[in-house]
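Descriptive structure summary
Chain by chain, the residues run as shown.
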Amino acid sequence: MKAIHTFLFSGLTALTLLGCNQSHANNNDKQPKNSVHMKFEKVALPYATDALEPVISKQTVELHYGKHHQAYVDNLNRLIVGTKFENADLETIVKESDGAIFNNAGQTLNHNIYFTSFKKNGGGEPKGKLAKAINEQFGSFDKFQEEFTAAGVSLFGSGWVWLAKNNSGKLSILKESNAGNPLTSGLTPILGFDVWEHSYYLDYQNRRADHLKKLWEIIDWEVVSARY
Ligand code: MN
């Protein structure tokens, strides 16, 4: 009895947190039987879809953000129904799940980070604490850029190259396959380049290195530095 009570209570709490009001709950009989409350949404794009041209074309942003990213979010929302992750936050799901749930949660988080790392006429170099940490770890910003780009070029297949920090602020570059994110190694993601072909093939075809070199021209270092 106690367990049932707890379950009902947490269910109601979750509905309240998700913004489901009483009238929505009362209208449940009018909802389709397989209706799912869409818990996760992709991050809002902080620029127009053509703002990153010519580094990333409007068409690539529209497909990558509008279709690929959306599919990961939709799959995640569908897959977590009825699992222990139903009311978990995204970072917890990435840290604790595996299989299809991990793939779609990882890609949801990865793309949220990725698409908010850019701006029109970005580029240049970070300032402040992140700049200092980069110099300490890699010798200079140029050396860091070189190592990061090389990691992305040499990653076999689909995946991500990440700049991440540990609890004491030490930076490292990680190569992750598929949906990998530094969170699963206990690190905090600072910057991630998507090296799945869907991120560059329309604009650069097989020239992944050219694409990665151009990405530095649109980085929003203010946003990226704030993650550090
Ligand atoms: Mn992608």
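The notes below deal with the structure included here. (Residues numbered from 1 in each chain as written. Predicted model: local features only at pLDDT ≥ 70, side-chain atom pairs only at ≥ 80, totals over all residues. Heavy atoms only, no water.)

**Some details on the pairing of strand β2 (residues 171–177)**
Where strand β1 (residues 159–165) and β2 come together, seven bridges link them in antiparallel fashion. Note on β2: the bridge partner recorded for V161 is K175. Hairpin geometry of β1 and β2 is characterised by an intervening segment of five residues between the two adjacent antiparallel strands and by a positive phi of about 90 degrees at G169. (Pairing = 2+ DSSP bridges. Helix = DSSP H or I, 4+ residues; strand = E, 2+ residues; numbered from the N terminus.)

**Things to note about the coordination of the manganese ion**
Coordination of the manganese ion by the protein is provided by H64 (NE2), H111 (NE2), D194 (OD) and H198 (NE2), with metal-donor distances spanning 2.0 to 2.1 Å. Within one chain, the residues serving as donors to the manganese ion are arranged as H-x46-H-x82-D-x3-H. Of this pair, H64 sits in helix α3 (residues 58–79) while H111 sits in helix α5 (residues 99–115), and the two are 47 residues apart along the sequence. Overall, the relative accessible area of 0% leaves H111 in the buried class. (Donors = N, O, S within 2.8 Å, 3.2 Å for Na, K, Ca; no water. Buried < 20%, exposed > 50% of the residue type's maximum accessible area, 1.4 Å probe, protein only.)

**Regarding the environment of Y65**
By secondary structure assignment, the location of Y65 is in helix α3. When the C-alpha positions of Y65 and N112 are compared, they lie 9.4 Å apart, and in sequence the two are 47 residues distant. The residues contacting Y65, other than those within four sequence positions of it, are K42, V43, A44, L45, T60, Q70 and F115. Side-chain polar atoms of Y65 contact the backbone nitrogen of L45, separated by 3.4 Å. (Contact = heavy atoms within 4.5 Å. Polar contact = N/O pair within 3.5 Å; in protein donor to acceptor, adjacent residues only side chain to side chain.)

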